[in-house]
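Each chain, written out:
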Number of protein chains: 2
Amino acid sequence: MIIKPTLLIDKEKCLKNIEMMSKKAKRHNLIFRPHFKTHQSLEVGRWFKNFGVERITVSSLEMARYFSCEWSNITVAFPVNILEIETINELAEKISLNLLVESVGSAGFLSGHLKYRTGFFIKIDTGYHRTGISPANTELIDDILRVSGTSGKLDFKGFLTHAGNTYQCRTRVEISEVHDRSLGMITSVKSKYKDKFPDMIISVGDTPGCSVSENFEGVDEIRPGNFVFYDLMQLYNGSCSEDQIAVALACPVVAVHKERNEIVIYGGGVHFSKERIEIPSKGIIYGQVTEEKYGGWGKPVPGMIVKSLSQEHGIVSVPASLIQNYRIGDVIKILPVHSCMTVSSMKTTTKILISH
Amino acid sequence: MIIKPTLLIDKEKCLKNIEMMSKKAKRHNLIFRPHFKTHQSLEVGRWFKNFGVERITVSSLEMARYFSCEWSNITVAFPVNILEIETINELAEKISLNLLVESVGSAGFLSGHLKYRTGFFIKIDTGYHRTGISPANTELIDDILRVSGTSGKLDFKGFLTHAGNTYQCRTRVEISEVHDRSLGMITSVKSKYKDKFPDMIISVGDTPGCSVSENFEGVDEIRPGNFVFYDLMQLYNGSCSEDQIAVALACPVVAVHKERNEIVIYGGGVHFSKERIEIPSKGIIYGQVTEEKYGGWGKPVPGMIVKSLSQEHGIVSVPASLIQNYRIGDVIKILPVHSCMTVSSMKTTTKILISH
């Protein structure tokens, strides 16, 4: 019985999502290295093994350590934090570890401090402008390759990008355009270096691009993560359908305010995270309530959105025609805006895995 | 040595903040029942005992259970979640527990299911419109008092409000106005019921109002929480000074992008939370970088703000004149937007308590 905010994971939907992306990778002859920051769970991780997945991506050395008991090939897709060199050496002794480098300083530091052979990707900025090197800056790329080449410990694996700017798109066409532009940029770098490094690969990784596009020309590896659960952000940019969203937060109703068509739920920023999206027809939303359905949840209820969150409270707008259906003590199931953030917030709390 | 995102708590500043609020409560002859959702720490809680604090506020039954080993008088300032009746009975057997009621349904449920005497406050909405009963709705208040009066287990403690609308204020004058209006509304309810319930009290509780105002006419108890740490939200609404902010998040620098005057830190939404504020002169910010200072942190560096957060990354804008000062491997200390949310995000991670 659910009595407080509880994350629900629909295992059947997850397996379908994993199968879909796994088949896509096979169809395009791509290495499938899913990003595990989305679920951060050994148990969910095991579901991927049935689809032949052997290599994974994470976003911190802490996560790499957590997964290293069951996974022996891990890329930490985050600019290497040189302060954690001890953890890097501990992991590199045990597993095939790949790091991300985007400066001569980090390459030099690693060259001087690595104790075991460690792979690295050079991070390329293909338009998101969060991290990475401009594809035009071959001088910096050359410097990094020169410094790392002298170390005897650093193995150059290839170029990696994350076209996170697809998250700002609002249509599948826009996503495809951003994805294609990103591919054009990173493969232009590949063509400059492939003679010198014939084994290097190109790794790309955002869920919108990997969900929507069928163009992976010149790409060798994909690293999507969010697709295992999807969420409202992905629904509204066209990357998934309602039926593919595989997580919901179950929240008790603690107050009903008929005079303003609102209910108050036990479920706030510490559960959902404060991630928000602005939808033209709805304004800023923090979640969307679903219809009741045995053993899971149904479709989103039109007009029934989480309109604000404080630390432990959520305020849900309810259409006037439905407000009489809700009572204190009910538990409602809410699709989150950004599943990675919600799952991370809830990771120390009970999860219920539903198998139909 | 700090090697990853780490929450720093400046104990000396906390003690000064606690002393300040404790003295204010004494000056106005108020019960001081601080809200512990801000720190959620037994250790920080103990600091309050030296100032004579014996009663506390929390925002979930889970927190009440956590603190019940050291605190015997706890108000759960959240509309009672009747689904957790077992936890309520477990706690009410052990400590003096107060709940919040704002509906006849909850009062009736508690009347039927409580095993031990439990206090309750009726929550009044004095303008925040998140939870609570309109002060004009004496019919509903009467109904709740009638239903709870028949139970033999429910002790009416008084009326409680949280003027959370002070958080939307941008000046001390605005805060004072909202605070005074809120007081006017809740004391109007008091005057209607004091003859029948001479021992009942009025409890108010937001940090901005309690920090700024010297008007507590008709109030018996205050429940501020955030003031123990303060944060940028409180700084920008005038509730505190820079020197009073007692928490900072220490984050490693993992990339420096001179071409766009930005640094990338290891420190993202999972560490800061995604709480944001819009400051007219700065736009939307997620944190503010401070000057380096031995054993703690200095003043905010003008123009050096966290402009965006993803799951693990933060992007910091740096004035062009300062960018050459920052290197990969540096650790910078950042004031959070909302300390309650940041501390909650970081609660499973190392904290360093600084004593000068």
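Residues numbered from 1 in each chain as written. Chains lettered and ligands numbered in written order. Predicted model: local features only at pLDDT ≥ 70, side-chain atom pairs only at ≥ 80, totals over all residues. Heavy atoms only, no water.

A. The arrangement of the side chain of N81 of chain A in detail. Following the sequence through the fold, N81 of chain A ends up in the loop between β4 (73-79) and α4 (85-94). A polar side-chain atom of N81 of chain A sits 2.8 Å from a polar atom in the side chain of E84 of chain A. Discounting chain neighbours no more than four positions away, the residues touching N81 of chain A are I88 of chain A together with I3, P252, V254 and Y266 of chain B. (Helix = DSSP H or I, 4+ residues; strand = E, 2+ residues; numbered from the N terminus. Polar contact = N/O pair within 3.5 Å; in protein donor to acceptor, adjacent residues only side chain to side chain. Contact = heavy atoms within 4.5 Å.)

B. Quick peek at the environment of Q311 of chain A. Its place among the elements puts Q311 of chain A in the loop between β15 (296-309) and β16 (313-317). Along the sequence, Q311 of chain A and G238 of chain A sit 73 residues apart, while their C-alpha atoms lie 30 Å from each other. Every residue in contact with Q311 of chain A, bar those within four places of it in the chain, is listed here: G268, G269 and V270 of chain A together with K37, Q40, M63, C340, M341 and S344 of chain B. Here the side chain of Q311 of chain A touches K37 of chain B through a polar contact of 2.9 Å, side chain to side chain.

C. Summary view of the pattern of salt bridges. Residue and element names in this part refer to chain A. If you walk through the whole model with that rule in mind, you get 36 salt bridges over all chains. The partner of E214 in a salt bridge is R27, and the shortest N-O contact between them spans 3.0 Å. Residue E214 is found in the loop between α8 (207-212) and β9 (221-222), and its partner R27 is found in helix α1 (residues 11-27); the two are separated by 187 residues along the sequence. On the basis of relative accessibility, which here comes to 45%, the residue E214 falls in the partly exposed class. A residue is classified by how much of its surface remains accessible, and R27, at 53% relative accessible area, is exposed. The shortest N-O distance in the salt bridge between E262 and R260 comes to 3.0 Å. For E262, a relative accessible area of 7% puts it in the buried group. (Salt bridge = Lys/Arg side-chain N within 4 Å of Asp/Glu carboxyl O. Buried < 20%, exposed > 50% of the residue type's maximum accessible area, 1.4 Å probe, protein only.)

D. Summary view of the interface of chain B and chain A. With 51 residues of chain B at the contact, the number on the chain A side is 51 residues. For chain B, the biggest contributors to the area lost against chain A are L83, R130 and Q311 of chain B; these three give 16% of the whole. Here R260 of chain B and D125 of chain A are joined by a salt bridge, their closest N and O atoms 3.7 Å apart. Listed by contribution, the elements that provide at least two residues to the side of chain B that touches chain A are α3 (61-67), β4 (73-79), β10 (247-257), β11 (262-266), α10 (269-272), β16 (313-317) and α11 (339-345) of chain B. Per-class residue counts for the side of chain B that touches chain A are 21 nonpolar, 17 polar and 13 charged. (Buried area = accessible area lost by both parts, 1.4 Å probe. Nonpolar A, V, L, I, M, F, W, Y, C, P; charged D, E, K, R; others polar.)

E. Looking closely at the side chain of S339 of chain B. Residue and element names in this part refer to chain B. The topology assignment puts S339 in helix α11. Within the structure, the side chain of S339 is placed 3.3 Å from the side chain of N226, a separation counted as a polar contact. Filtering out sequence-adjacent residues up to four positions away, S339 remains in contact with T38, N226, F229, Y230, D231 and V247.

F. Representation of the relation of the copies chain B and chain A. In screw terms, the move from chain B to chain A is a rotation of 180° and a rise of 0.0 Å along the axis, fitting with an RMSD of 0.0 Å. Expressed as an axis order, the relation between the two copies is that of a two-fold axis. Closest to the rotation axis within chain B is the C-alpha of K274 of chain B, separated from it by 2.6 Å. Residue by residue, 100% of the interface of chain B is reproduced at the interface of chain A, so both copies engage with the same surface. (Least-squares fit on C-alpha atoms with pLDDT ≥ 70 in both.)

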